[in-house]
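A structural walkthrough
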Amino acid sequence: MERRYRARRRLGSCCSGTARGGRAILGSGGVPTTATTGTRGRRARRVALIGLDCGTPELLFERYADDMPTLGRLRRQALWGSLESTAPPLSIPAWLSMLTGRTPGELGVYGFRNRTDHGYGGLAFATSRWVRVPRVWDLLGQAGRDSVLIGVPGTYPPSPLRGSMVTCFMTPSTDAQFTFPADLREEVQRVTGGYTIDVAGFRSEDKARVAQQIFDMTEQRFALARHLATTRPWDFLAVADMGPDRLHHGFWGACDPGHPRYRPGNAYEHVVRDYYRALDRHLAGLLEVLPDDTTVAIASDHGARPMLGGFCLNEWLVREGLLVLAEPPAGPTPIGKAAIDWSRTTAWGDGGFYGRLFLNVEGREPLGTVPRRDYESVREHIASRIERLPDPVGRPLGNRVLRPGELYPEVRGAAPDLIVYFGDLRWRAVGSLGLGHGLYTSENDTGPDDANHSEQGVLVLAGEGLSHGRQEGLSIYDVAPTLQALLGLPAAAGQRGRVLG
Ligand SMILES: [Zn+2]
């Protein structure tokens, strides 16, 4: 029996402009269009990108495939497969890379929060202002064509474009300006009955509230997409929903017998399945209002996997004598608030889905202690120690240590010196000190969380002229050049990836 979630009030029904008649009506001119003819006589088509943040191939293509008949039908007419994410597989760098065709190193964005310089001032959120290269919609706008963007990560604060934009989950609140043009905001609030930017406090034990908000947010996102798809001119429509990501972090352990937190018969055992059934209905509702000449891309920025626990990176650095504290923490303390004796510190780290390790380098950091000539040897010494770390019962933890210079053709900004995947991303990196757990935790320092990110997301690409069937080796860097080719735009200089077809 499918668990029932309270339906929100009918969305979009207040708008007489919302076309609900499906393709027949739309095909006869229901949607304003600016589609043009390409230079080689090939019609430059429309593209709709439906982003499912954290969409995971094992769930969408396997475990819940039978619960998603719309996605299944689309896949049968599509090129599809696992989509390899960026390193690290995190929403902000991954979405930026997907829509620019550039690596995190070239973008200088290595996470949600990044060092702004080599001082000790901590980290700042990467916003749309960090993006210095054109995204797909910028290139399209330069060609005089329109885009509609809803919730695409990395779009806050809103910036001018040819078309319409509703910003992403990084938007602080709907009190902030979250649309372009500015007067779109009132319409969004009216159509949605109050726009939900994200599930507030999704790392919570209040599972009933979190589940309801995830279902509501996804319903609202798709209703707004239907509304804007049918009332605005567009060649490129991109809507991204954070629902799957919040769901996996909140409920993976309730639904997966392979997860250490799983308890048979728990109240949320079927919430993930029920969510994907609902998502499939919303998907059907959006697809039916898209004009026939639309190429549909469904993509995720990364996938997810069960999180087994956390490794306290800074606690370990303290024990190794590499991070020296001026005074011990009185209780749980984020690294940014710890009293660090920089003059005696070799390295410190920042936590999250992956670990970032920074060396305190002479002439680079204000109180650097690692002479430049020793940089490589110190870094390799720490890397090899991390690679050899055991799990709590003495087996190898299976850590992977990556070096930005080997991952990216260019390394901009204040990049981490080492990128660490604890347990190959089965373990989270815990940055806080003073947790009193030793080196390993079963709890996350920022609230309960069942899932970590994985490197494989999804891509389903359906449209005229595209091949059908599963393809291996798809990369997130292929998305921008492919979308541009479908839209009749050339690849931009410096873009990675290949055009899929
Ligand atoms: Zn994400």
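Residues numbered from 1 in each chain as written. Predicted model: local features only at pLDDT ≥ 70, side-chain atom pairs only at ≥ 80, totals over all residues. Heavy atoms only, no water.

Some thoughts on the coordination of the zinc ion
Distances from the zinc ion to its protein donors, D53 (OD), D53 (OD), S91 (OG), D301 (OD) and H302 (NE2), fall at 1.9 to 2.6 Å. Donor residues binding the zinc ion come from one chain and are separated in sequence as D-x37-S-x209-D-H. Highlighted residues: D53 in the loop between β1 (46–52) and α2 (57–63) and S91 in helix α4 (residues 91–100), separated in sequence by 38 residues. Pair check on accessibility: D53 and S91 agree, each one buried. (Donors = N, O, S within 2.8 Å, 3.2 Å for Na, K, Ca; no water. Helix = DSSP H or I, 4+ residues; strand = E, 2+ residues; numbered from the N terminus. Buried < 20%, exposed > 50% of the residue type's maximum accessible area, 1.4 Å probe, protein only.)

Quick notes on the packing of aromatic side chains
Applying the stated criterion across every chain yields a total of 15 aromatic pairs. Pairing Y64 with Y276 gives two aromatic rings, centres 5.7 Å apart and planes at 25°, and the pair type is stacked. Of this pair, Y64 sits in the loop between α2 and α3 (69–76) while Y276 sits in helix α10 (residues 271–287), and the two are 212 residues apart along the sequence. One exposure class covers both Y64 and Y276, and it is buried. The interplanar angle of 45° and the centroid separation of 5.4 Å between the aromatic rings of F251 and Y268 together place this pair among those described as tilted. Residue F251 is found in helix α9 (residues 243–255), and its partner Y268 is found in the loop between α9 and α10; the two are separated by 17 residues along the sequence. The structure contains a cluster of three or more aromatic residues connected by ring pairs, namely Y64, F215, Y275 and Y276. Its guanidinium or amino end placed over the ring of F353, R428 lies 4.9 Å from that ring's centre, counting from NZ or CZ. (Phe/Tyr/Trp six-rings, centres within 6.5 Å; stacked < 30°, edge-to-face > 60°. Lys NZ or Arg CZ within 6 Å of the ring centre and 35° of its normal.)

Here's the deal with the side chain of R102
Relative to the assigned elements, R102 resides in the loop between α4 and α5 (104–107). Despite being buried, R102 has no salt bridge partner; E106 is the closest side chain of opposite charge, sitting 5.3 Å away. Separated by 3.0 Å, the side chain of R102 and the backbone oxygen of T100 make a polar contact. Within polar-contact distance, the side chain of R102 engages the backbone oxygen of A493 at 2.7 Å. Apart from residues no more than four positions distant in its own chain, R102 is found in contact with S97, L107, V133, P134, Y477, A492, A493, G494 and Q495. (Lys, Arg positive; Asp, Glu negative; His and termini not counted. Salt bridge = Lys/Arg side-chain N within 4 Å of Asp/Glu carboxyl O. Polar contact = N/O pair within 3.5 Å; in protein donor to acceptor, adjacent residues only side chain to side chain. Contact = heavy atoms within 4.5 Å.)

With respect to the sheet that holds strand β13 (residues 355–359)
Backbone-to-backbone hydrogen bonds pair the strands of a sheet. The strands run either parallel or antiparallel. The four strands are arranged β12-β13-β15-β14 in an open sheet whose pairing can be described as antiparallel. Only two strands of the sheet have a single partner each, and these edge strands are β12 (347–350) and β14 (400–402). The mean angle between the axes of side-by-side strands here comes to 25°, regardless of whether they run parallel or antiparallel. The pairing of β12 with β13 spans four bridges and is antiparallel. Bridge pairing in β13 links W348 to F358. Lying over the sheet, helix α12 (residues 375–387) contacts β12, β13, β14 and β15 (418–421), oriented at roughly 150° with respect to β13. (Pairing = 2+ DSSP bridges. Axes fitted to C-alpha atoms, helices over the stretch in contact; angles between N-to-C directions.)

Concerning the nonpolar core
Counting 72 residues, the largest nonpolar core has I50, I150, V166, F251, Y276, L290 and I298 as the members making the most contacts within it. With ten residues, helix α8 (residues 207–231) is the single largest residue contributor to this core. If near-sequence neighbours (up to four positions away) are discounted, I50 is found in contact with F222, V239, L283, L286, L287, V296, A297, I298 and A299. One finds M98, V152, L466 and V479 within the second-largest nonpolar core, a separate group that totals 35 residues. (Core = buried A, V, L, I, M, F, W, Y, C linked by side-chain atoms within 4.5 Å.)

Topic: the confidence of the model for the protein chain
Close inspection of predicted coordinates is inappropriate in any region flagged by low pLDDT. When pLDDT is averaged along the protein chain, the result is 91, and 91% of the positions lie at 70 or above. Residue range residues 8–31 is modelled with pLDDT below 50. Its contacts to residues more than four positions away, or to other chains, number 51 contacts. Ignoring residues within four places in sequence, the model shows residues 35–42, a span with pLDDT below 50, making twelve contacts including any to other chains. (pLDDT = per-residue confidence, 0-100.)

Things to note about the sheet that holds strand β17 (residues 440–441)
With respect to topology, three strands assemble into an open sheet ordered β16-β11-β17, the strand pairing being mixed. For this open sheet the edge positions go to β16 (427–430) and β17, each flanked by a neighbour on one side alone. One ladder, built from two bridges, connects strand β11 (residues 309–312) with β17; its direction is antiparallel. Its bridge partner lying in β17, G310 is registered against T441.

Structural notes on the environment of G352
Assignment of secondary structure puts G352 in the loop between β12 and β13. For G352, a relative accessible area of 15% gives the class buried. Separated by 114 residues in the primary sequence, G352 and L466 place their C-alpha atoms 38 Å from one another. When near neighbours in sequence (up to four residues on either side) are disregarded, G352 contacts R428 and A429.

A look at helix α7 (residues 184–192)
Along α7, the positions that sit buried rather than exposed are L184, E187, V188, V191 and T192. In a view along the axis of α7, the buried residues occupy a sector of 115°, so they form one face of it. Looking one or two residues beyond α7, the residue adopting positive phi is G193, at roughly 70°. (Arc of directions from axis to C-beta.)

Things to note about unusual backbone geometry
With the exception of glycine, the majority of residues adopt a negative phi angle, and the majority of peptide bonds are in the trans configuration. In the segment running from A87 into P88, the intervening peptide bond is cis, with an omega of 0°. Topologically, P88 is positioned in the loop between β2 (79–84) and α4. Between Y156 and the following residue, P157, the backbone shows a cis peptide bond with an omega angle of -5°. Along the chain, P157 falls in the loop between β5 (147–150) and β6 (163–166). Positive phi is not limited to glycine here, since D424 has a value of about 50°. Looking at the secondary structure, you find D424 in the loop between β15 and β16. The phi dihedral of L425 falls on the positive side, at around 75°, and the residue is not glycine.

Some details on the environment of T167
Structurally, T167 is set in the loop between β6 and β7 (179–180). Distance in space between the C-alpha atoms of T167 and M217 is 14 Å, their sequence separation being 50 residues. Aside from chain neighbours lying at most four places away, what touches T167 is G151, T155, Y156, P157, P158, F178 and Y195. Of note is the side chain of T167, whose polar atom sits 2.7 Å from the side chain of T171.

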